[in-house]
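# Observations on chain architecture
These are the residues of each chain, in order.
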Amino acid sequence: MSRFWSSTLNRLSPYVPGEQAQRSDVIKLNTNEHALPPSSEALEAGKAIDPERLRKYPDPHSKALTKAIADFCKLAEDNVLVANGSDEILAFAWTAFLSDSEQQPAIPAMTYTFYPVWAQLLGNGLHRVPMRENLSIDFEAMSSWSGPVVFPNPNAPTAMAVSLSDIESICASDPDRLVIIDEAYYGFGAKTAAPLIRQFDNLLITRSFSKSHALAGLRVGYALGSRDLIEGLRRVKDSFNSYPVDAHAQTVAAVAISDSDWFEQASATIIENRAELKAGLEGLGFDVLPSEANFLLAKHPQHTGVTLTEKLREAGILVRSWSSEDLLPWVRITVGTKNQQQTLLAELKSILFGA
Ligand SMILES: Cc1ncc(COP(=O)(O)O)c(C=O)c1O
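A quick note: this is a predicted structure, and the numbers were derived from the prediction, not measured. (Residues numbered from 1 in each chain as written. Predicted model: local features only at pLDDT ≥ 70, side-chain atom pairs only at ≥ 80, totals over all residues. Heavy atoms only, no water.)

### Let's talk about the packing of helix H2 (residues 40-47) against helix H10 (residues 247-258)
Rules: Between N-to-C directions, angles cover 0 to 180 degrees, with each direction set by a line fitted to C-alpha atoms, over the stretch in contact for helices. Helix and strand assignments follow DSSP, with helices taken as H or I runs no shorter than four residues and strands as E runs no shorter than two, numbered in order from the N terminus. Each angle gets one of four labels, with under 35 degrees taken as roughly parallel, over 145 as roughly antiparallel, 65 to 115 as roughly perpendicular, and the rest as oblique. Handedness of a crossing follows from how the near helix is turned relative to the far one, being left-handed for an anticlockwise turn of less than a right angle and right-handed for a clockwise one. Note on definitions: a residue-residue contact is assigned when non-hydrogen atoms from the two residues lie within 4.5 Å. Basically, the charged four are Asp, Glu, Lys and Arg, the nonpolar ten are Ala, Val, Leu, Ile, Met, Phe, Trp, Tyr, Cys and Pro, and anything else, Gly included, counts as polar.
Between H2 and H10, the least distance of the axes is 8 Å, while the angle of their chain directions is 155°. One way to sum up the angle between H2 and H10 is to call them roughly antiparallel. The element H2 and its partner H10 pack so that their crossing is right-handed. Of the residues in H10, those in contact with Glu 41, Ala 42, Ala 45 and Gly 46 of H2 are His 248, Thr 251, Val 252, Val 255 and Ala 256. Here the residues of the contact of H2 with H10 are counted per class, giving five nonpolar, three polar and one charged.

### Section: the sheet that holds strand E12 (residues 320-321)
Strand pairing in a sheet is mediated by backbone hydrogen bonds. Such pairs are either parallel or antiparallel. Our working rule: A pair of strands is treated as paired once DSSP finds two or more bridges between them.
Sheet architecture is open: four strands sit in the order E9-E10-E13-E12, paired in antiparallel fashion. In this open sheet, the two edge strands, each paired with only one partner strand, are strand E9 (287-288) and E12. Pairing between strand E10 (residues 295-299) and strand E13 (residues 330-334): five bridges, direction antiparallel. Directly across from Ala 298, in E13, lies its bridge partner Val 331.

### Quick word on the pairing of E13
The line we're drawing: Only protein chains enter the accessibility calculation, which uses a 1.4 Å probe. A residue is then buried if its area is under 20% of the maximum for its type, exposed if over 50%, and partly exposed in between.
In terms of residue burial, E13 counts as a mostly covered element, since five of its five residues are buried. The alternating pattern of E13 places Trp 330, Arg 332 and Thr 334 and Val 331 and Ile 333 on opposite faces, both of which are buried. The sheet contact formed by E12 and E13 spans two bridges and is antiparallel. Paired with Ser 321 across the bridge in E13 is Val 331.

### Observations regarding unusual backbone geometry
Leaving glycine out, the prevailing phi sign among residues is negative, and the prevailing peptide bond configuration is trans. Cis geometry marks the peptide bond from Asn 153 to Pro 154; its omega dihedral reads -5°. With respect to the secondary-structure elements, Pro 154 resides in the loop between strand E5 (149-152) and helix H8 (164-173). For the bond from Ala 156 to Pro 157, the omega torsion is 10°, close enough to zero to count as cis. On the secondary structure map, Pro 157 appears in the loop between E5 and H8. Here Asn 32, not a glycine, exhibits a phi torsion of approximately 60°, which is positive. If you trace the backbone, Asn 32 turns up in the loop between strand E1 (27-28) and H2. What makes Asn 32 buried here is its relative accessible area of 0%.

### Re the side chain of Thr 206
Following the sequence through the fold, Thr 206 ends up in strand E7 (residues 203-208). Setting aside residues no more than four positions away along its own chain, Thr 206 makes contact with Ile 89, Leu 90, Ile 181, Asp 182, Glu 183, Ala 184, Tyr 222 and Ala 223.

### Let's talk about a nonpolar patch on the surface
The criterion, for reference: Patch membership requires over 30% relative accessible area and the absence of a salt bridge. Like charges are linked within 9 Å, and nonpolar side chains (Val, Leu, Ile, Met, Phe, Trp, Tyr) within 5 Å. Per-residue and other accessible areas follow the Shrake-Rupley method at a 1.4 Å probe size, with only the shown protein chains counted as cover for residues. Each reported salt bridge corresponds to a side-chain nitrogen of Lys or Arg within 4 Å of a carboxyl oxygen of Asp or Glu.
Taken together, the side chains of Phe 4, Trp 5, Leu 9 and Leu 121 make up a nonpolar region of the molecular surface, amounting to roughly 440 Å² of accessible area. Inspection of the secondary structure puts Trp 5 in the segment before helix H1 (7-11). Judged by its relative accessible area of 42%, Trp 5 falls in the partly exposed class.

### Considering the packing of aromatic side chains
Definition in use: Note on ring pairs: Phe, Tyr and Trp rings are taken, using the six-membered ring of Trp, and paired if centres are within 6.5 Å. Classes follow the plane angle, with under 30 degrees stacked, over 60 edge-to-face and the rest tilted.
Within this structure, the stated rule accounts for 17 aromatic pairs. When the centroid spacing of 5.7 Å and the interplanar angle of 65° are considered together, the rings of Tyr 15 and Tyr 112 count as edge-to-face. Here Tyr 15 is found in the loop between H1 and E1, whereas its partner Tyr 112 is found in the loop between strand E3 (106-108) and helix H6 (115-121), with 97 residues between them in sequence. Residues Tyr 115 and Trp 118 carry aromatic rings whose centres are separated by 6.3 Å and whose planes lie at 35° to one another, so their mutual orientation is tilted. One end of the pair is Tyr 115 and the other is Trp 118, both in helix H6 and three residues apart, which spans about a single turn. Tyr 115 gets classed as buried once you look at its relative accessible area, which sits at 0%.

### A short note on the site of the ligand
Under the convention used in this document: Definition of nearness: a residue and a molecule or strand are near each other if at least one heavy atom of the residue lies within 4 Å of the molecule or strand. Any N or O atom pair separated by 3.5 Å or less is treated as a polar contact, with the protein-specific requirement of one donor-capable and one acceptor-capable atom, and with residues adjacent in sequence counted only for side-chain atom pairs. Here a cavity is any set of points on a 1 Å grid over the protein atoms alone where a 1.4 Å probe fits but cannot get out, and a pocket is any open set with protein on both sides within 12 Å along at least 5 of 7 lines; a residue lines the site when it has an atom within 4 Å of a point. To be counted as sitting in a cavity or pocket, a molecule needs more than half of its atoms within 2 Å of that site's grid points.
The full set of residues close to the ligand is Gly 85, Ser 86, Asp 87, Tyr 112, Ala 156, Asp 182, Ala 184, Tyr 185, Ser 208, Ser 210, Lys 211 and Arg 219. In this structure, an oxygen atom belonging to the ligand sits 2.6 Å away from a side-chain N or O atom of Ser 210. Lys 211 places a polar side-chain atom, nitrogen or oxygen, 2.8 Å from an oxygen atom of the ligand. In isolation the ligand offers 400 Å² of accessible surface; the protein chains occlude 91% of this area. Judged by the proximity of its atoms to the pocket grid, the ligand belongs to the largest pocket. For the shell around the ligand, the residue count by class is four nonpolar, four polar and four charged.

Written as structure tokens, this is what we have:
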């Protein structure tokens, strides 16, 4: 509380980012970073950057990176806008399209906890749609909401994805309703809605280099949408920070997204490791939700997520849990390397059975 803060700020509960451990000897499975190192071609391009490019301001339009993303997504350059992480893109979208819309946007009740923060800071509140019994998104209820909708696909923290036909029908149900799909976990098996951009001008997709391209430290995200929606985002960007992506990040990200061999192999490894982790957890008695992301949401009948998180932390393994009632039983575990997962499973076995 401060007398200098606006009333909105005084009421606001900011987003709490996952812990970034300072020690390098921990096994870090708490913030859904990619388990593998980024494309070596991209890293080399970063090392070779001409110092002149750092002396000068970067390209405000990230043109080369925008073209690389457009090629990757098989869309036109004016269907793409790049910014400093998909969090920034989502904040732009809230400001551009949801700040004074008459209808509040609907989100799933169990979802990314940054949405309520933007709704408070930049918007005019939210409508929360209860989850189905199995924790999937209730698409009928989302579709019957008369205002805009925002949801991640796959959802976080459940990791479950919705079908392309559900997305198509919600876009088609009302051409004047904005549909924002947060594809932060693109690349690990869920179907992308990107091809629908050509068909629906009310669809906006946000994506990230943090997960799919193992570049969380670079802070690059992008939006895909109709020319009109992208232009709306650009107007916000240029009213806020016209150079959100630095010269180094533009260079590295453009090479990373063009390295399709790296992307295909890395995604296949995560999908394979995810199946092993799921089987290992189920073998220890966990209930594990189906996942099309690079993490799993799991619960054990005898321990809350918080208890398991604390015990794993003592063993130098970080995972994520929550104290809210709906998420209390659950623990969210990022898919790791095979070695990291074996250590995690051995530690869980000893926590659960003392073996
Ligand atoms: C659902 C969801 N959306 C967006 C983001 C933000 O990603 P970025 O690193 O691109 O800002 C995250 C990060 O964890 C996320 O889980």
